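Next come the chains, spelled out residue by residue.
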Amino acid sequence: MIVILLIAATAIVSIMAFSNSQLFYRLALSYYDVVERRQFYRLLAHIFVHGSWGHLLINMLVFYSFGSAVANIFESMHYMDLIRFPNLQFLALYLGGGITAGLFSLLLRRERSIPSVGASGGVAALVFTSIFFDPWARIYIFGLVPLPGIILGAAYLAYSWYMGKKNRDNIDHYAHFAGAVYGFFYPLLIDYHLAYHFVNQLFQLH
């Protein structure tokens, strides 16, 4: 349910912003507005805004797939008395990933005049949390080429950092990198003993 509600909220806000540029720029993340004008709400608001239909659809498809998987993991952990309030944990992961991505973007992006929008940082956090719990699970690139999550994740981090440094496009690669790192380490904030689970899964220990 939490996944569907977040998708609905994101779709509604994004579609409204498509035809209302004033709303778009009021919610978008920008260096001047956050740092100079202290409009800190943008760190959260920008997660729910997207620049195009393609941007929205891709993010929401990935969000639905990995968000559902992570929500199920948290529910299972709740039933095993490992965590309390699984929905709040999910929100802390997803929204925390988006906020962390936004902060990292503000620090490192060279082109600060271009506003940043989208759920990519939070979505990356969900993907990398799923990798943490099952590092060898196969993730399909473009729905065709399967690669183990841990390998694809490492390649994704390297690519995001490289493209962020090159700064050749208007994609916020640093935000993607930060969201992914946040998501990978988030389970340790729940319980640092989960590090043993990751090591066991990674090296196929029994």
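Everything below is about the structure shown above.
Residues numbered from 1 in each chain as written. Predicted model: local features only at pLDDT ≥ 70, side-chain atom pairs only at ≥ 80, totals over all residues. Heavy atoms only, no water.

**Observations concerning the pattern of salt bridges**
Taken as a whole and assessed by the stated rule, the structure comprises two salt bridges. Salt-bridge contacts for Arg42 lead to Asp33; the nearest nitrogen and oxygen are separated by 3.6 Å. The pair formed by Arg42 and Asp33 is uniform in burial state, with each residue classed as buried. Residues participating in the shared-partner salt-bridge network are Asp33, Arg37 and Arg42. (Salt bridge = Lys/Arg side-chain N within 4 Å of Asp/Glu carboxyl O. Buried < 20%, exposed > 50% of the residue type's maximum accessible area, 1.4 Å probe, protein only.)

**Overview of the nonpolar core**
Ranked by internal contacts, the top residues of the largest apolar core, which has 37 residues, are Phe63, Phe74, Phe90, Leu93, Tyr94 and Leu126. At the level of elements, α1 (2-18), α5 (53-79), α6 (86-108), α7 (120-133), α9 (173-190) and α10 (194-202) are the ones that each hand at least two residues to this core. Among the elements that take part in this core, α7 stands out by supplying nine residues, more than any other. Judged by nonpolar contacts, the second largest core, of eight residues, contains Ala17, Leu23, Ala28 and Ala45. (Core = buried A, V, L, I, M, F, W, Y, C linked by side-chain atoms within 4.5 Å. Helix = DSSP H or I, 4+ residues; strand = E, 2+ residues; numbered from the N terminus.)

**Describing the layout of surface pockets**
Of the pockets and cavities examined, the second largest pocket occupies roughly 170 Å³. What lines the second largest pocket is a set of 13 residues, among which Met1, Ile2, Val3, Ala71 and Asn87 lie closest to the centre. A total of six residues in the lining of the second largest pocket trace back to one element, the largest contributor, which is α5. (1 Å grid on protein atoms, 1.4 Å probe; cavity = no way out; pocket = protein on both sides within 12 Å on 5 of 7 lines; lining within 4 Å. Points joined across faces, edges and corners; volume = space filled by probe spheres on them.)

**Considering the packing of α6 against α9**
Taken N-terminus to C-terminus, the directions of α6 and α9 make an angle of 140°; their axes are 8 Å apart at the nearest point. Of the possible angle classes, the one that applies to α6 and α9 is oblique. Regarding α6 and α9, the two cross each other, and that crossing is right-handed. In this structure, α6 uses Gln89, Ala92, Leu93, Gly96, Gly97, Thr100, Ala101, Phe104, Ser105 and Leu108 to contact α9, whose residues at the interface are Tyr174, Ala175, Phe177, Ala178, Gly179, Tyr182, Gly183, Tyr186 and Ile190. Of the residues that constitute the contact of α6 with α9, the class distribution is 12 nonpolar, seven polar and no charged. (Axes fitted to C-alpha atoms, helices over the stretch in contact; angles between N-to-C directions. Parallel < 35°, antiparallel > 145°, perpendicular 65-115°, else oblique. Left-handed = near helix turned anticlockwise from the far one by under 90°. Contact = heavy atoms within 4.5 Å. Nonpolar A, V, L, I, M, F, W, Y, C, P; charged D, E, K, R; others polar.)

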